[in-house]
Amino acid sequence: MSSFTDPRSFTVSYLQNSFGLSQNSAINVSERFLIEGPEKADSVLKLMRTHGLNQSHIEKIIGTRPTLLLADLGDKLRPNMELLVSLGFSGASLRKNAEQRPSSA
């Protein structure tokens, strides 16, 4: 069965390959949500990078809030990130903010 036809397998593989999560950690995360394909998650990662987050920041954010990989880019994540960057938040401060705020999901 290919990873695209098995969302749990794809999610585990994606989290391991993109963020270096152990297999057990990736399996635990995959019990909370599933990534059905790379398009949306890759778009979220690209947005984070374009707003000054480095790989270490992204790994910490996704480790804390993996469901951000499923965020609505157009209506929620992009406008919020652009507002924070326009207010002078750096990649490090965006990471700290994302890690400390309660999840709305």
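Quantities reported herein were computed from a predicted structural model and do not represent experimental measurements. (Residues numbered from 1 in each chain as written. Predicted model: local features only at pLDDT ≥ 70, side-chain atom pairs only at ≥ 80, totals over all residues. Heavy atoms only, no water.)

Asker: Would you explain the overall build of the protein chain in this entry?
Answerer: Looking only at helices and strands, the protein chain has six helices and zero strands in total. Element order for the protein chain, N to C, with α for helix and β for strand: α-α-α-α-α-α. Intrachain contacts of the protein chain at a sequence separation of at least 6 include 67% that bridge at least 24 residues. When the accessible surface of the protein chain is split by element, carbon and sulfur atoms take 49% of a total near 6,200 Å². (Helix = DSSP H or I, 4+ residues; strand = E, 2+ residues; numbered from the N terminus. Contact = heavy atoms within 4.5 Å. Areas by Shrake-Rupley, 256 points an atom, 1.4 Å probe, with all protein chains shown as cover.)

Asker: Got a minute to help me understand the packing of helix α3 (residues 38-50) against helix α5 (residues 73-86) in this structure?
Answerer: Between two packed helices, what matters for the description is the angle formed by their axes and the separation of those axes. Remark: α3 packs on α5, axes separated minimally by 10 Å, with the N-to-C direction vectors making an angle of 20 degrees. In terms of their interaxial angle, α3 and α5 are classed as roughly parallel. By crossing handedness, the relation of α3 to α5 is classed as right-handed. Contacts between α3 and α5 involve Ser43, Val44, Leu47 and Met48 from the first element and Leu73, Leu77, Arg78 and Met81 from the second. (Axes fitted to C-alpha atoms, helices over the stretch in contact; angles between N-to-C directions. Parallel < 35°, antiparallel > 145°, perpendicular 65-115°, else oblique. Left-handed = near helix turned anticlockwise from the far one by under 90°.)

Asker: Is there a simple way to explain the packing of aromatic side chains in this structure?
Answerer: Pairs of aromatic rings are described using the distance from one ring centre to the other and the angle between the two planes. Tallied over the full model, the rule gives one aromatic pair. Their ring planes at 40 degrees and their centres at 5.7 Å tell us that phenylalanine 10 and tyrosine 14 sit as a pair that is tilted. Note that phenylalanine 10 and tyrosine 14 are positioned in helix α1 (residues 7-19) at a spacing of four residues, about one turn of the helix. (Phe/Tyr/Trp six-rings, centres within 6.5 Å; stacked < 30°, edge-to-face > 60°.)

Asker: Looking at this structure, how should I read α5?
Answerer: The periodicity of an α-helix, 3.6 residues per turn, causes residues three or four places apart in sequence to face the same way. Considered for burial, the residues of α5 that qualify are Leu73, Leu77 and Met81. Between the side-chain oxygen at the start of α5 and the backbone nitrogen of glycine 74 there is a gap of 3.3 Å, and the oxygen is on aspartate 72. Downstream of α5 by one or two residues, glycine 88 has phi in the positive range, about 100 degrees. (Buried < 20%, exposed > 50% of the residue type's maximum accessible area, 1.4 Å probe, protein only. Polar contact = N/O pair within 3.5 Å; in protein donor to acceptor, adjacent residues only side chain to side chain.)

Asker: Explain the nonpolar core to me, please; I cannot follow it from the model alone.
Answerer: One broad trend across soluble globular proteins is that nonpolar side chains are buried collectively. Core analysis: the largest hydrophobic core is formed by 25 residues, its most contacted members being Tyr14, Phe19, Met48, Ile62, Leu69 and Leu77. Residue contacts for leucine 69: discarding those within four places in its chain leaves Tyr14, Leu15, Phe19, Ile35, Lys40, Ala41, Val44, Leu45 and Ile62. (Core = buried A, V, L, I, M, F, W, Y, C linked by side-chain atoms within 4.5 Å.)

Asker: Looking at this structure, how should I read the confidence of the model for the protein chain?
Answerer: Detailed conclusions should not be drawn from predicted coordinates in areas where pLDDT is low. With 84% of its residues at a pLDDT of 70 or more, the protein chain has an overall mean of 80. Per-element averaging of pLDDT across the protein chain places helix α6 (residues 91-100) at the bottom with 68 and α1 at the top with 90. (pLDDT = per-residue confidence, 0-100.)

Asker: Help me understand α3 in this model?
Answerer: Counted at 1.5 Å a residue, the expected span for α3 with its 13 residues is 18 Å, and the 18 Å between its end C-alpha atoms agrees. Considered for burial, the residues of α3 that qualify are Pro38, Ala41, Val44, Leu45, Leu47 and Met48. Check the buried side of α3 and you find it contacts α1, α4 (55-64) and α5. Looking at the residues trailing α3, positive phi occurs at glycine 52, about 90 degrees. (Expected span 1.5 Å × (residues − 1).)

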